[in-house]
Amino acid sequence: MTITREIHRPPVESRSLLQQSMTVVWRNLLHIRRMPEMLLDVTIQPVMFVLLFAYVFGGAIDVRGGVSYREFLLPGIMAQTMVFSSAVVAMGLTNDLQKGIVDRLKSLPISRSSVLVGRSISSLIHSSIGIVVMGLTGLAVGWRIREGLLNASLAYLLLLLFGFSMIWLGIWVGSLMRSVEAVQGFMFTVMFPLTFVANTFAPTEAMPSWLRFIAEWNPVTALTASLRELWGNDGGLAPPATSQWPLHHPVIASIAWSIIFTAVFAPLALAAFKRRSQD
Amino acid sequence: MTRGLAVEAIDLVKRFGDVVAVDGVSFSIPEGSVLGLLGPNGAGKTTMVRMLTTLSLPTSGTGRVAGHDVVTEPDAVRRSMGLTGQVATVDELLTGRENIRLIGRLYGLPKGYLREASDRLLEQFSLTEAADRMAKTYSGGMRRRLDLAVSLVAAPPVLFLDEPTTGLDPRSRAELWEVLQRLVAEGTTLLLTTQYLEEADHLADRIVVMDKGKVIASGTPTELKAQAGRASVVVTVSYAEDLDKATDLLRSSSPEVYVDRTSRRLTAQASGLSDMTNIAVIFAESEIAVDDLGLQRPSLDDVFLHLTGHRAETETSEPGQRQPEEVLR
């Protein structure tokens, strides 16, 4: 040994991907604690939507089967909130990429996917807060879960599954865009038609036939319809015979849409993220 | 085990489409020494750092850090180095202490060690008082110090610093220099990129000068200065009417004398201190009043001008918009 000065290296424990991801989650949740206004999109905003639609538009919209509009509305808004989770992921990711945080994390001896896994888990937590807030608001205005625990839980699982598939879209967009403002602009332009041209706020039957066709094939429609079915918010009525296939099989359709989204967007997202953060 | 090379770059190339950012750069850094990578904006310094820290894949060539290949053993490389990027990448919404904890936890440092290490680092970088404040309340200098503290949490033997003092006021810069010198004294190997010639001169054992993706010179600061020409003695006389007499006096000891009448300054080629002493004696014996007399060594700025034909820019500009100053020779 000719080395005269040896740096004292600290002991290092090996950490699993999950532990590393949870550290990233811890950091993302600290952000929410420091900036509680980040939660506005899943608290005040959906509550405002519930109240606006329930009391402003509610009287003007007819729902079949004698179901109250508020009961009809709640599953729609929950689905919308889950879809918006992709915007949450995208904005968070773009911000981290822009500020060099991703570079810093990638210069560490950790699994590179922990950045994305951590980001996904924290945004699912973020959206779940919204689901809870809206559930409580719904209960206050008259929405009820009318089916058994099993069906009710299946509905929540579907929401999470759909949210998971939307996260890939978020990662893809977040890796492609250069600024948070761009992400915001893009996501809102895409998300509003996606969540409004559907059965979320009004039944599709009343739409012009071409729009109705689009709305009924919209993945958000399948998700909303399955939530209504599983929570018993559809008056127990079968959809009109003229409806498209997804409305007749909403649960299968939402699972299928989630799988298709993941299969399409996950490879795109991973490739874009790798490209963005490697050069 | 002998003292080895902490960092090796062998013919590294990085292309972005048609643009060649780094065009066959080689250098090595012995353990425990400091290499200054010097060059203007767009010279390829950051790309070099990104390749050596596994953030960017080289188009061709080899890079090794602590003996590990950056392409085939990226994890081993990441375990042996710390990186402080060009912009301070601290998390603004986390406190100083949380920033250190975040990175320490990801490294897999045990809890007890991490607690101790964060206290020590915060103390060492004079951040103890601000430790539990969000980093967004920090000044530029504090952010830089925190950034460096974060990079040091796992005590990496090799440290990469990309323009560590850009945007800092002179006092913060001097403080950071002190910290870096202490680290080197403790055995850390340092690669730092800089646009400040003074900084490279001050900190580096060896300097590699890059321009347009290529190495255009390398050596110790003294060697590089020697390349730019010899030293000169500069005399400022008190009265303009003495200028001619002074010029004659200087010509007796130095063949080349340059006169600047407006500032009453005379510059004479010299080979070193003894020349200056001689000239001082000559003027003391003459009746010429002198305001100032001193030896001027070529600065690294002169070196850069000499090597590239344009001055090193210190202002931040996009690589494409660079307009080399016209140089008259």
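Keep in mind that this is a model prediction, so the values were computed, not measured.

Here's the deal with the overall build of chain A
The secondary structure content of chain A amounts to eleven helices and zero strands. When the elements of chain A are put in sequence order from the N terminus, they spell out α-α-α-α-α-α-α-α-α-α-α. Each principal axis of the C-alpha atoms in chain A carries an extent, and together these give about 85 × 35 × 35 Å. Counting only residues that meet the buried cut, chain A has 43% of its 279 residues in that class.

Describing the packing of helix H5 (residues 140-151) of chain B against helix H6 (residues 170-185) of chain B
All names here are of chain B. At their nearest, the axes of H5 and H6 sit 10 Å apart, and the two run at 15 degrees to each other. Between H5 and H6, the crossing angle belongs to the class labelled roughly parallel. Regarding H5 and H6, the two cross each other, and that crossing is right-handed. Each of Gly140, Gly141, Arg144, Arg145 and Leu148 in H5 lies in contact with H6, whose residues at this interface are Ser172, Leu176 and Val179.

What to know about the interface of chain B and chain A
Of the residues lining the interface, 38 residues belong to chain B; the matching set on chain A comes to 34 residues. Secondary structure elements with two or more residues in the side of chain B that touches chain A: helix H2 (74-80), helix H3 (96-107) and helix H4 (111-124) of chain B. For the side of chain B that touches chain A, the element with the highest residue contribution is H3 of chain B, accounting for six residues. Residues that form the side of chain B that touches chain A fall into these classes: 20 nonpolar, ten polar and eight charged.

Quick word on the environment of Gly174 of chain A
Residue and element names in this part refer to chain A. Take Gly174: it is sitting in helix H6 (residues 149-176). For Gly174, a count of 30 C-beta atoms within 10 Å corresponds to the buried category. Taking the C-alpha atoms as reference points, Gly174 and Leu93, separated by 81 residues in sequence, lie 5.6 Å from one another. Setting aside residues no more than four positions away along its own chain, Gly174 makes contact with Val89, Ala90, Leu93, Thr94 and Val183.

A few points about the domain arrangement of chain B
Considered domain by domain, chain B is made up of domain 1 (5-226) and domain 2 (230-296). Measuring from the centre of the C-alpha atoms in domain 1 of chain B to the corresponding centre in domain 2 of chain B gives 44 Å.

What to know about the nonpolar core
Membership of the largest hydrophobic core comes to 86 residues, with the highest contact counts inside it found for Ile171 of chain A together with Leu146, Ala149 and Val153 of chain B. Ranked by residue count, the leading element in this core is helix H3 (residues 69-98) of chain A, at 17 residues. When neighbours within four sequence positions are excluded, Leu146 of chain B is seen to be in contact with Val90, Gly96, Asn99, Phe125, Leu127, Ala135 and Tyr138 of chain B. Core analysis: the next-biggest nonpolar cluster, separate from the first, contains 45 residues, Val65, Ala66, Ile207 and Leu224 of chain B among them.

What about the confidence of the model for chain B?
All names here are of chain B. For chain B, the average pLDDT comes to 85, and 92% of its residues sit at 70 or higher. In the predicted structure, residues 313-329 sits below a pLDDT of 50 and forms 18 contacts with residues beyond four places in sequence or in another chain. In the predicted complex, the global pTM is 0.79; the interface-specific ipTM is 0.83.

Remarks on the pairing of strand E2 (residues 19-30) of chain B
Residues and elements named next belong to chain B. Bridging between strand E1 (residues 5-16) and E2 involves nine bridges; their strand directions are antiparallel. Among the inter-strand pairings, Leu5 is bridged to a residue of E2, identified as Pro30. If you look at the hairpin formed by E1 and E2, you'll find two residues sitting between the two strands, and Gly17 has a positive phi there, around 65 degrees.

Some remarks on the packing of helix H1 (residues 17-34) of chain A against H3 of chain B
The contact between H1 of chain A and H3 of chain B brings their axes to 9 Å, and the two run at 165 degrees. Compared by their axis directions, H1 of chain A and H3 of chain B come out roughly antiparallel. Both H1 of chain A and H3 of chain B take part in a crossing whose hand is left-handed. Taking contact as the criterion, the partners of Gln20, Thr23, Arg27 and Leu30 of chain A in H1 of chain A are, on H3 of chain B, Glu98, Leu102, Arg105 and Leu106 of chain B. Classifying every residue of the contact of H1 of chain A with H3 of chain B by side-chain character gives three nonpolar, two polar and three charged.

Structural notes on H3 of chain A
Residue and element names in this part refer to chain A. The terminal C-alpha atoms of H3 lie 43 Å apart, and with 30 residues this matches the ideal 44 Å at 1.5 Å per residue to within 8%. Of all 30 residues in H3, 28 are buried; the element is thus mostly enclosed. The first or second residue beyond H3 is Gly100, which carries a positive phi of 80 degrees.

Some points on the sheet that holds strand E11 (residues 232-237) of chain B
Residue and element names in this part refer to chain B. With respect to topology, four strands assemble into an open sheet ordered E12-E13-E11-E14, the strand pairing being antiparallel. Looking at strand neighbours, the two that pair on one side only are strand E12 (257-260) and strand E14 (290-296), the edges of this open sheet. Strand-to-strand twist in this sheet, taken as the mean axis angle between neighbours without regard to direction, amounts to 15 degrees. Sheet topology note: the E11/E14 ladder contains six bridges and is antiparallel. Considered in E14, the bridge of Ser232 is made with Gln296. Contacts from helix H9 (residues 243-251) reach E11, E12 and strand E13 (265-269) within the one sheet, and its direction differs from that of E12 by about 165 degrees. Running over the sheet, helix H10 (residues 273-285) touches E11 and E14 and is turned about 165 degrees from E14.

About the criteria used
Residues numbered from 1 in each chain as written. Chains lettered and ligands numbered in written order. Predicted model: local features only at pLDDT ≥ 70, side-chain atom pairs only at ≥ 80, totals over all residues. Helix = DSSP H or I, 4+ residues; strand = E, 2+ residues; numbered from the N terminus. Buried ≥ 20, exposed ≤ 12 C-beta atoms within 10 Å, placed from the backbone. Axes fitted to C-alpha atoms, helices over the stretch in contact; angles between N-to-C directions. Parallel < 35°, antiparallel > 145°, perpendicular 65-115°, else oblique. Left-handed = near helix turned anticlockwise from the far one by under 90°. Contact = placed C-beta atoms within 7 Å. Nonpolar A, V, L, I, M, F, W, Y, C, P; charged D, E, K, R; others polar. Domains from an automatic or database assignment. Core = buried A, V, L, I, M, F, W, Y, C linked by C-beta atoms within 7 Å. pLDDT = per-residue confidence, 0-100. Pairing = 2+ DSSP bridges. Expected span 1.5 Å × (residues − 1).

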